[in-house]
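# Coordinate inspection notes
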Amino acid sequence: PRGRLTTIERKPLLNQRIDSKELYSLFQSNFLEIEGREFSCTEENKALVFTLIYFFQKKENFYNSSLLFEYPNTKIDLNKGLVIVGGFGCGKTSILRVFQQIINESNQVNLKFTTTVDAVSKFESIEDENMYDFKERLYKGHLIIDDLLAEKQASRFGKSELFEEVLFQRLENKKMNSIITMNYDGEYPNNMEYAINKLSRYGGRVFDRILGNFNFIELHGKSFRI
């Protein structure tokens, strides 16, 4: 079954001894520092922050999140990665950027961040002698992949799907944390199954591994950019 593909226990990225309310306060202060504005504490946004706190601490409270979406024939598991699906501008990226800073400042852990659009642009222009280091950064270590499916096909000696290979390589190493954000399809807003099924763009071998190795978070909040 897809839900059993992940068997290796991942280490927490946040100290499990720190109280979740203390981490929430730390998140709020860091959000103000990074974003230059106070955190918009809607019910859903607060639920997302606590879901991420429990995810990064690897605490059982994660399973109680009201935002978890169970795709058919899959299983929610703390040792899987995370795909956060929401509308455009609902705050996914800003929230994860704050967690990235908190994790990187409080641990010997390096949680990296890339947008898919930037990664494809760099892939198309990077010199051949720098390609190995470029791919190593995407293939290895803990990584936030922002705005999956928003990127175009890469053009470098022909067309290719850069993130088909990135995801395949990352899913071969179960010790690494992968956190992904993506938007709903514009024609099918708030339709989780349709959004997830669009990941089949990366081919059957990758799509099946995604279903078996990721938990899904479902957001319905409106854009803060309007």
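Read on for an overview of the structure.

## Considering the overall build of the chain
On a plain count of helices and strands, the chain comes out with 8 helices and 8 strands. Here the chain holds 226 residues, and 50% of them are scored as buried. A sequence separation of at least 24 residues applies to 79% of the contacts in the chain between residues at least 6 apart. Looking at the chain as shown, the accessible area adds up to about 11,400 Å², and 46% of this sits on carbon and sulfur atoms. Seen as two clouds, the 31 positive and the 31 negative side-chain charges of the chain have centres 4 Å apart.

## Describing the packing of helix 2 (residues 43–57) against helix 3 (residues 92–106)
How two helices pack is summed up by the angle between their axes together with the distance between the axes. Look at helix 2 against helix 3: their axes get within 11 Å of each other, and the N-to-C directions meet at 35 degrees. Once helix 2 is placed against helix 3, the crossing between them reads as right-handed. On the side of helix 2, the interface is formed by Asn-45, Leu-48, Val-49, Leu-52, Ile-53 and Phe-56, while helix 3 contributes Ile-95, Leu-96, Phe-99 and Ile-103. Of the residues contributing to the contact of helix 2 with helix 3, the split by class is 9 nonpolar, 1 polar and no charged.

## Quick notes on the nonpolar core
Leu-148, Leu-162, Phe-163, Ile-196, Leu-199 and Phe-216 are the most contacted members of the largest nonpolar core, which has 37 residues in total. At 6 residues, the largest contribution of residues to this core is made by helix 6 (residues 162–171). Among all residues touching Ile-196, those that are not within four sequence positions of it are Phe-69, Tyr-71, Phe-207, Leu-211 and Phe-216. In this structure, Phe-31, Leu-48, Val-49 and Phe-62 belong to the second largest nonpolar core, which totals 35 residues.

## Some details on the pairing of strand 3 (residues 111–115)
Across the 5 residues that make up strand 3, a large majority, 5, are buried. Residues Leu-111, Phe-113 and Thr-115 point to one face of strand 3 and Lys-112 and Thr-114 to the other, with burial holding for every one of them. Taken together, the 5 bridges between strand 3 and strand 4 (residues 142–146) define a ladder with parallel strand orientation. In the sheet register, Lys-112 faces strand 4, and the bridge partner there is Leu-143.

## Focus: the environment of Gly-203
In this fold, Gly-203 is placed in the loop between helix 7 (192–197) and helix 8 (204–213). According to the relative accessible area criterion, Gly-203 is partly exposed, its value standing at 24%. Counting along the chain gives 42 residues from Gly-203 to Glu-161, while the straight-line C-alpha distance between them is 9.6 Å.

## Notes on the packing of aromatic side chains
One pass over the structure, following the stated rule, counts 14 aromatic pairs. With centroids separated by 5.3 Å and ring planes inclined at 70 degrees, the aromatic side chains of Phe-31 and Phe-39 adopt a geometry described as edge-to-face. Judged by relative accessible area, which is 11%, Phe-39 ranks as buried. Among the aromatic residues, ring-to-ring pairing joins Tyr-24, Phe-27, Phe-31, Phe-39, Phe-50, Tyr-54, Phe-55, Phe-56, Phe-62, Tyr-63 and Phe-99 into one connected group. Over the aromatic face of Phe-113 sits the side chain of Arg-97, whose NZ or CZ is 3.5 Å from the ring centroid.

## Some thoughts on the pairing of strand 7 (residues 178–183)
Judged by how many residues are buried, strand 7 sits mostly within the fold: 5 of 6 residues are covered. Where strand 2 (residues 81–86) lies against strand 7, 5 bridges are found, and the strand directions are parallel. If you follow Val-85 over to strand 7, its bridge partner there is Met-182. Sheet analysis places strand 4 next to strand 7, joined by 3 bridges and oriented parallel. Each residue of the ladder has a partner; that of Leu-143, found in strand 7, is Ser-178.

## Digging into the sheet that holds strand 7
Hydrogen bonding along the main chain pairs the strands of a sheet, whether they run parallel or antiparallel. As summarised here, the arrangement of the 6 strands in space is 1-8-2-7-4-3, forming an open sheet in which the pairing is mixed. Bordering the open sheet on either side are strand 1 (68–69) and strand 3, each of which pairs with just one other strand. Sitting on the sheet, helix 3 is in contact with strand 2, strand 3, strand 4 and strand 7, with an inclination near 155 degrees to strand 3. Of the strands in this sheet, strand 3 and strand 4 touch helix 4 (residues 116–125), which is tilted by about 80 degrees from strand 3.

Reading guide: rules and limits
Residues numbered from 1 in each chain as written. Predicted model: local features only at pLDDT ≥ 70, side-chain atom pairs only at ≥ 80, totals over all residues. Heavy atoms only, no water. Helix = DSSP H or I, 4+ residues; strand = E, 2+ residues; numbered from the N terminus. Buried < 20%, exposed > 50% of the residue type's maximum accessible area, 1.4 Å probe, protein only. Contact = heavy atoms within 4.5 Å. Areas by Shrake-Rupley, 256 points an atom, 1.4 Å probe, with all protein chains shown as cover. Lys, Arg positive; Asp, Glu negative; His and termini not counted. Charge placed at Lys NZ, Arg CZ, Asp CG, Glu CD. Axes fitted to C-alpha atoms, helices over the stretch in contact; angles between N-to-C directions. Left-handed = near helix turned anticlockwise from the far one by under 90°. Nonpolar A, V, L, I, M, F, W, Y, C, P; charged D, E, K, R; others polar. Core = buried A, V, L, I, M, F, W, Y, C linked by side-chain atoms within 4.5 Å. Pairing = 2+ DSSP bridges. Phe/Tyr/Trp six-rings, centres within 6.5 Å; stacked < 30°, edge-to-face > 60°. Lys NZ or Arg CZ within 6 Å of the ring centre and 35° of its normal.

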